[in-house]
Amino acid sequence: MPTILGQNQYGKAENRVVKITRDGDTHHIKDLNVSVALSGDMDDVHYSGSNANVLPTDTTKNTVFAFAKEHGIESAEQFGIHLARHFVSSQEPIHRARIRIEEYAWERIATSDGNSRFIGADEVKHSFARKGQETRVSQITYDGENWEVISGLKDLTVMNSTNSEFWGYVKDKYTTLKEAYDRILATDVSARWRYNWTSDEQRMPNWEKSYEQARKHMLHAFAETYSLSLQQTLYQMGSRIINSRSEIDEIRFSLPNNHHFLVDLEPFGLKNDNEVYFAADRPYGLIEATVLRDGVEPKIPVDMTNL
């Protein structure tokens with residue numbers, strides 16, 4: 001045979017599932033986009049077209065929705081763990097399951113005042129607005145014995161309007177950038193962190209609290225670092241998370257430097273005292289790096305495009 005089959009997987013991608021939990025008049029929303037990828041003994045379906053070992057992708061879709069009812073959605077990570085365990089343990093030909101999840105946050109809409117009423121209720125507790133651009137992400141992988149849980153976020157836009165400089169860099173004949181001693185530092189944070197929970201023998205992290213705390217420490221580090229480079233800020237953000245959260249061993253960032261250039265107002269007889277900027281969406285500097293707990297081997301892919 002002149003060719004052989006390499007790595008392969010299949011599943012149902014982007015299953016949008018919204019779970020409403022009703023606590024009396026107060027409702028809670030979990031809004032997920034779930035992608036399932038399965039791999040194992042799948043040679044025959046590729047070589048001969050035999051579907052004897054194939055669980056239909058439509059079945060994986062149905063499982064996602066059924067599990068939302070049967071198990072609820074405590075967290076993206078916990079939901080992914082339920083799904084991955086089910087596919088590997090219930091289907092002998094399937095040896096590995098990878099569950100990728102995006103979670104979209106909603107926040108409750110507060111009523112205007114104490115006199116606002118809706119069908120007799122004193123307060124509306126079931127209306128929400130999508131919360132910003134930030135998207136929570138998770139990837140859960142299970143091979144029947146070992147777990148890998150990578151969580152994080154993307155599209156979290158942050159800005160420091162001062163306490164940022166950039167100077168002392170290499171200059172050659174193509175360099176035109178002026179040194180900056182007070183600049184805007186802005187970026188759209190894409191971050192993935194890997195948990196050191198890998199076995200059912202270990203105590204499972206509190207996924208919701210861990211995410212909230214990692215995000216908090218990341219933002220605190222961004223705000224509290226007097227930055228001489230975006231690289232320095234990135235390292236401080238990663239270090240703060242790892243030093244504060246014992247369940248996280250590795251974190252990788254991809255941070256575009258969203259440039260803000262001072263506008264030349266002198267032609268109009270005006271002085272621009274770090275007040276008016278032009279926000280350029282491209283081209284942008286792209287800063288990427290991994291921060292690790294000492295002694296830990298990196299496992300998060302360098303290219304996070306599809307993670």
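The following refers to the structure shown. (Residues numbered from 1 in each chain as written. Predicted model: local features only at pLDDT ≥ 70, side-chain atom pairs only at ≥ 80, totals over all residues. Heavy atoms only, no water.)

1. Some points on the nonpolar core
Residues Val-34, Phe-79, Ile-99, Val-189, Trp-193, Met-218 and Phe-253 are the most contacted members of the largest nonpolar core, which totals 53 residues. If you tally residues by element for this core, the top one is helix H3 (residues 76–90), at 7 residues. Apart from residues lying up to four places away in sequence, Val-189 is in contact with Leu-153, Lys-154, Asp-155, Leu-156, Val-158, Met-218, Met-237, Phe-253, Ser-254 and Leu-255. (Core = buried A, V, L, I, M, F, W, Y, C linked by side-chain atoms within 4.5 Å. Buried < 20%, exposed > 50% of the residue type's maximum accessible area, 1.4 Å probe, protein only. Helix = DSSP H or I, 4+ residues; strand = E, 2+ residues; numbered from the N terminus. Contact = heavy atoms within 4.5 Å.)

2. Section: unusual backbone geometry
Trans peptide bonds make up the majority, and among non-glycine residues the majority have a negative phi. Residue Pro-283 is bonded to the preceding Arg-282 through a cis peptide linkage, with omega at -5°. Here Pro-283 is to be found in the loop between strand E9 (277–279) and strand E10 (285–292). The backbone of Glu-14 shows a phi angle near 55°, a positive value even though the residue is not glycine. Of the residues examined, Glu-14 reaches a relative accessible area of 57% and is grouped as exposed.

3. Concerning the packing of aromatic side chains
Aromatic ring pairs: the centre-centre distance and the angle between the two ring planes describe each pair. Within the structure shown, the criterion is met by 7 aromatic pairs. Taking the centre distance of 3.9 Å and the plane angle of 15° together, the rings of Tyr-142 and Trp-147 count as stacked. The two residues Tyr-142 and Trp-147 agree in class, both being buried. Members of the aromatic cluster, joined through ring pairs, are Tyr-142, Trp-147, Tyr-195, Trp-197 and Trp-207. The lysine or arginine in question, Arg-85, covers the ring of Tyr-142, its NZ or CZ lying 6.0 Å from the ring centre. Stacked on the ring of Tyr-211, the Lys or Arg Arg-136 has its end atom at 4.3 Å from the ring centre. (Phe/Tyr/Trp six-rings, centres within 6.5 Å; stacked < 30°, edge-to-face > 60°. Lys NZ or Arg CZ within 6 Å of the ring centre and 35° of its normal.)

4. With respect to helix H5 (residues 230–244)
With 15 residues, H5 ought to run about 21 Å at 1.5 Å a step, and its terminal C-alpha atoms sit 21 Å apart, in line with that. Within the sequence span of H5, burial applies to Leu-230, Thr-233, Leu-234, Met-237, Gly-238, Ser-239, Ile-241 and Ile-242. In this structure, the buried residues of H5 make contact with strand E6 (185–195), helix H4 (207–224), strand E7 (248–257) and E10. (Expected span 1.5 Å × (residues − 1).)

5. Looking at the pairing of E7
In terms of burial, E7 is largely enclosed, as 10 of its 10 residues are buried. Relative to E7, E6 runs antiparallel, the two being bridged by 6 bridges. Within E7, the position partnered with Ser-190 by the bridge is Ser-254. Relative to E10, E7 runs antiparallel, the two being bridged by 8 bridges. Following the sheet pairing, Glu-250 is matched in E10 by Leu-292. (Pairing = 2+ DSSP bridges.)

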